[in-house]
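What follows is each chain in one-letter form.
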Amino acid sequence: ILSESPLSESKVENIAILLPLSGSQKNAGLAAQQGNLAAYKNNTASTLYFIDTNNVNWENLPNHFSELNIDHIIGPLLKSNVETFLKICAQQTALQVPSLLLNLPSQQPLANYQTALSMRHEDEAVQAAATLSRQNYNKPIILSHHDRLSKRVALAFSHQWKTSTGDSVDIVYFDQGKQMQASLKESLDVNVSQSRIKQLNSRLKNTIKSEPRNRRDIDMIYLVGTAAQTRLIKPYIDVNISPFAEIIPVYASSRSHSNFNDKNNASSTNDLQGLTFTQIPWLLDSKLQDKTLTKLSDKLWPKRTDSLSRIFAMGFDSYNLLGKPSLMKQSPYIRHFGQTGVLKLNNDNILTRSLIWGRYENGKVTQVALD
């Protein structure tokens, strides 16, 4: 049923796309550009103007855009360029056209004609905590690698869990190597169990047969780390869960899942049995995945990394989002079902994503429904 005043998209004819097409971030820029072009499909109604932010004259940009009659902008991609761009926009009307930034500014608020697409890993942790808090788990712990990004993700999960349930979550940080195993044993209280066994052994002449037991109050683990770190720590978790205890489910973010490894190294899935994680539709065989484009992309770029694949998907979505933020402002219920997730616009003009869930089962990944 159409409303009396139908929603309308703004006309899109001349699009400026600001990407790093040279320099150290060239590969990221090219991946985004290829995503833009995949969505563009040689649409004769619109013209794309790619601008290399590594060589651009920022001061002359308003004049250049006026000459090209630019009516929409995608980018910049790099955070530092977003900051520069926003400062110029505030003073130059030629740049004050509908714009979709591909990174979040640090502090500057967005103007009403500007939207930003958030690809922050912290957003995944917030979604995971909100979802898992409704799954009847009472005592989760967070196992997080000891690096800056992992800490931010762990804290985001912890804060959202507290907001959703009123309860706090313990965060156990680990480093790679022997320290990782020690941290895990300590968090599961396995080391306490082993010390009890040693005490019993010392009092008995004949060594007793025994199994160290993990603490029984933990009913879920949220694991924060890279795919390589996850492949190392997941078997430790499995080994240290007592055979007398119920299996503790392990959840993770998209950083723990490497679509590249799954396709190029079949044995990489062996140690991840049971791991459940959030992922963008583009990197998970799912109902939302554009399978025709996925096959073509795999053929053209068979060795593309996971991070560049995410940027390709962001480029693809950013073109398909042209004109939609204005509709989303009029009607907040509108969602965009993209390759980076299900997108919605929040009150700060930021497009946030809901991801889908996957699980390693029997050596392969399948989509599962949790939300």
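Refer to the preceding data block for the structure.
Note that the structure is predicted; figures quoted are calculated from it, not measured.

Visitor: Residue-level account of the sheet that holds strand S1 (residues 14–19), with values.
Guide: Read from one edge of the open sheet, eight strands run S2-S1-S3-S4-S5-S13-S12-S11, paired in mixed fashion. Looking at the sheet topology across the chains shown, the edges are occupied by strand S2 (47–52) and strand S11 (336–337). Bridging between strand S12 (residues 342–345) and strand S13 (residues 350–354) involves four bridges; their strand directions are antiparallel. Counted as the bridge partner of Lys 344 is Thr 352 from S13. Of the strands in this sheet, S1, S2 and strand S3 (72–74) touch helix H1 (residues 26–40), which is tilted by about 180° from S2.

Visitor: Describe the packing of aromatic side chains, listing the residues and the values that go with them.
Guide: As enumerated under the stated definition, the model contains eight aromatic pairs in all. Aromatic side chains Tyr 251 and Trp 357 sit 6.1 Å apart centroid to centroid with 85° between the ring planes, which places their arrangement in the edge-to-face category. Within this pair, whereas Tyr 251 is found in strand S9 (residues 250–252), its partner Trp 357 is found in strand S14 (residues 356–361), the two being separated by 106 residues in sequence. The pair Tyr 251 / Trp 357 is uniform in exposure class, with both members buried.

Visitor: Tell me about the side chain of Thr 115, residues and numbers included.
Guide: Note that Thr 115 resides in strand S5 (residues 114–117). The residues contacting Thr 115, other than those within four sequence positions of it, are Ser 99, Leu 100, Leu 101, Leu 110, Pro 325, Leu 345, Asn 349 and Leu 351.

Visitor: Hey, could you go over the side chain of Ser 144 for me, with residue numbers and the actual values?
Guide: You can see Ser 144 is positioned in strand S6 (residues 140–145). Judged by its relative accessible area of 0%, Ser 144 is buried. Excluding residues within four positions of it along the chain, Ser 144 makes contact with Ser 150, Lys 151, Ala 154, Ile 171, Val 172, Tyr 173, Phe 174 and Val 224.

Visitor: Got a sec to walk through helix H4 (residues 121–132)? Specific residues and values, please.
Guide: The end-to-end C-alpha separation of H4 is 17 Å, in line with the 16 Å expected for 12 residues at 1.5 Å each. Most of H4 is tucked away: 11 of the 12 residues are buried. In this fold, the buried residues of H4 make contact with helix H5 (148–165), strand S8 (220–224), S9, strand S10 (276–279), S13 and S14.

Visitor: Outline the pattern of salt bridges, supporting the account with residue identities and numerical values.
Guide: Charged atoms that come close allow side chains of opposite charge to pair. Inspection of the entire model under this criterion finds six salt bridges. Ionic pairing is found between Arg 120 and Glu 122, a salt bridge with its closest N-O pair at 4.0 Å. Assessed through its relative accessible area of 9%, Glu 122 is described here as buried. The shortest N-O distance in the salt bridge between Asp 123 and Arg 120 comes to 3.0 Å. On the basis of relative accessible area, Asp 123 is assigned to the buried category, the value being 16%. The partly exposed category is assigned to Arg 120, whose relative accessible area is 38%. The network of salt bridges with shared partners includes Arg 120, Glu 122, Asp 123 and Arg 152.

Visitor: Account for the packing of H4 against H5, naming residues and giving values.
Guide: Packing of H4 against H5 leaves a shortest axis separation of 8 Å and a crossing angle of 30°. By the angle between their directions, the pair H4 and H5 is classed as roughly parallel. Crossing of H4 against H5: the hand is right-handed. Contact with H4, carried on its side by His 121, Glu 122, Ala 125, Val 126, Ala 128, Ala 129, Ala 130 and Leu 132, involves Leu 149, Arg 152, Val 153, Ala 156, Phe 157, Gln 160, Trp 161 and Ser 164 of H5 and no other residues of that element.

Visitor: So, the nonpolar core: which residues are in play, and what are the values?
Guide: Counting 36 residues, the largest nonpolar core has Ile 15, Leu 19, Leu 102, Trp 282, Tyr 319 and Leu 351 as its most contacted members. Broken down by secondary-structure element, the contributors of at least two residues to this core are S1, H1, helix H11 (306–320), helix H12 (324–330) and S12. Counting residues in hydrophobic clusters, the runner-up holds 23 residues, among them Ile 51, Phe 65, Ile 70 and Ala 116.

Calculation notes
- Residues numbered from 1 in each chain as written.
- Predicted model: local features only at pLDDT ≥ 70, side-chain atom pairs only at ≥ 80, totals over all residues.
- Heavy atoms only, no water.
- Pairing = 2+ DSSP bridges.
- Helix = DSSP H or I, 4+ residues; strand = E, 2+ residues; numbered from the N terminus.
- Contact = heavy atoms within 4.5 Å.
- Axes fitted to C-alpha atoms, helices over the stretch in contact; angles between N-to-C directions.
- Phe/Tyr/Trp six-rings, centres within 6.5 Å; stacked < 30°, edge-to-face > 60°.
- Buried < 20%, exposed > 50% of the residue type's maximum accessible area, 1.4 Å probe, protein only.
- Expected span 1.5 Å × (residues − 1).
- Salt bridge = Lys/Arg side-chain N within 4 Å of Asp/Glu carboxyl O.
- Parallel < 35°, antiparallel > 145°, perpendicular 65-115°, else oblique.
- Left-handed = near helix turned anticlockwise from the far one by under 90°.
- Core = buried A, V, L, I, M, F, W, Y, C linked by side-chain atoms within 4.5 Å.

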